[in-house]
Amino acid sequence: FITMVYLWAGPIVRTGEHIRLELFTAKLRGRWKEVHSLIVNVLIFLTCVMIVYWGTKLIKLSMTLGEQSESFVFYIWWLHTVVTLGMAFHAFFALLEVIRIGSGLSRKGDLAPSHNKG
């Protein structure tokens, strides 16, 4: 179950099938909704990248220490690997959203500086 949650989080969020709180965002329209989504996805990407970084350090430490579960059925580093891979996938899908939204906003000219021709 843990594996499923972590490995499918990115695709589920990208397709809009994840639970979201829209108390604030429901009132946003057009460009502002896109800008908000861009900011949120950049923050998600950065957070996931940090978790992947720390996760790889934790995996190395756990492997070095040879940590095993209480029942000695499996090594603990496998659990850390699932979380780290899941966050890497989530970062990838967040980056795809950043690119999609950013290119959409730049095509519309919403992020381009305005020049008055006069």
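Residue positions within a chain follow its written sequence, with the count starting from 1. In view of the model being predicted, local features appear only for residues whose pLDDT reaches at least 70, and side-chain atom pairs are presented and counted only at 80 or more, with totals across whole chains, interfaces and linings using the full set of residues. Hydrogens are left out, water is left out, and the side-chain values use all remaining heavy atoms of the structure.

### Description of the overall build of the protein chain
Okay, so step 1: Numbered from the N terminus, helices here are DSSP runs of H or I no shorter than four residues, and strands are runs of E no shorter than two. Per the secondary structure count, the protein chain includes three helices and zero strands.
Okay, so step 2: Put simply, the protein chain runs from its N terminus to its C terminus through helices and strands in the order α-α-α.
Okay, so step 3: Between buried and exposed lies partly exposed: a residue is buried under 20% and exposed over 50% of the maximum accessible area for its type, with that area taken using a 1.4 Å probe on protein chains only. Evaluated residue by residue, the protein chain yields a buried proportion of 25% over its 118 residues.
Okay, so step 4: Residue contacts are counted whenever heavy atoms from the two residues lie within 4.5 Å of one another. Long-range pairs, those at least 24 residues apart, make up 69% of the contacts in the protein chain between residues at least 6 apart in sequence.
Okay, so step 5: Roughly 8900 Å² of accessible area belongs to the protein chain as shown, and the carbon and sulfur atoms make up 69% of that amount. What sets the accessible areas is the Shrake-Rupley method with a 1.4 Å probe; for residues, cover comes only from the shown protein chains.

### Let's talk about helix 2 (residues 30-65)
Okay, so step 1: Expected helix span is given by 1.5 Å per residue-to-residue step, counting one fewer step than there are residues. Taking 1.5 Å of rise per residue, the 36 residues of helix 2 would be expected to cover 52 Å, and the 52 Å separating its terminal C-alpha atoms lies within 8% of that figure.
Okay, so step 2: For helix 2, the complete set of buried residues consists of Val35, Leu38, Asn41, Cys48, Gly55, Ile59 and Ser62.
Okay, so step 3: Looking one or two residues past helix 2, glycine 66 carries a phi angle of roughly 65°, positive in sign.

### Observations regarding the packing of aromatic side chains
Okay, so step 1: By convention, a stacked pair of Phe, Tyr or Trp rings (six-membered ring in the case of Trp) has centres within 6.5 Å and planes under 30 degrees apart, an edge-to-face pair has planes over 60 apart, and any other such pair is tilted. Within the structure shown, the criterion is met by two aromatic pairs.
Okay, so step 2: Note on tryptophan 77 and tryptophan 78: the rings are 4.6 Å apart at their centroids and 25° apart in plane angle, and the pair reads as stacked.
Okay, so step 3: Taking 5.3 Å as the distance between ring centres and 75° as the angle between the ring planes, the aromatic pair formed by phenylalanine 92 and phenylalanine 93 counts as edge-to-face.
Okay, so step 4: Overall, phenylalanine 92 belongs to the partly exposed group, its relative accessible area being 46%.
Okay, so step 5: Placement of a positive charge over a ring is assigned whenever Lys NZ or Arg CZ falls within 6 Å of the ring centre and within 35 degrees of the normal to the ring plane. Cation over ring: arginine 31 sits above tryptophan 32, and NZ or CZ is 4.9 Å from the ring centre.

### Points about the environment of tyrosine 75
Okay, so step 1: You can see tyrosine 75 is positioned in the loop between helix 2 and helix 3 (77-108).
Okay, so step 2: Owing to a relative accessible area of 39%, tyrosine 75 belongs among the partly exposed residues under this scheme.
Okay, so step 3: In the structure, tyrosine 75 is positioned twelve residues away from methionine 63 in sequence and 8.0 Å away in space, judged by C-alpha atoms.
Okay, so step 4: The residues contacting tyrosine 75, other than those within four sequence positions of it, are Gly66, Glu67 and Gln68.
Okay, so step 5: Polar contact is the term for a pair of N or O atoms within 3.5 Å; when the atoms are in protein, one must be able to donate a hydrogen and the other to accept it, and sequence-neighboring residues count only if both atoms are side-chain atoms. Side-chain polar atoms of tyrosine 75 contact the side chain of glutamine 68, separated by 3.5 Å.

### Quick word on the nonpolar core
Okay, so step 1: Residues belong to one nonpolar core when they are buried, are Ala, Val, Leu, Ile, Met, Phe, Trp, Tyr or Cys, and are joined through side-chain atoms within 4.5 Å. Counting residues in each nonpolar core, the largest one holds five residues, listed as Val35, Leu38, Val98, Ile101 and Leu105.
Okay, so step 2: Looking at this core, the elements with two or more residues in it are helix 2 and helix 3.
Okay, so step 3: With three residues, the top contributor of residues to this core is helix 3.
Okay, so step 4: If sequence neighbours within four positions are ignored, valine 98 has contacts with Leu38, Asn41 and Val42.

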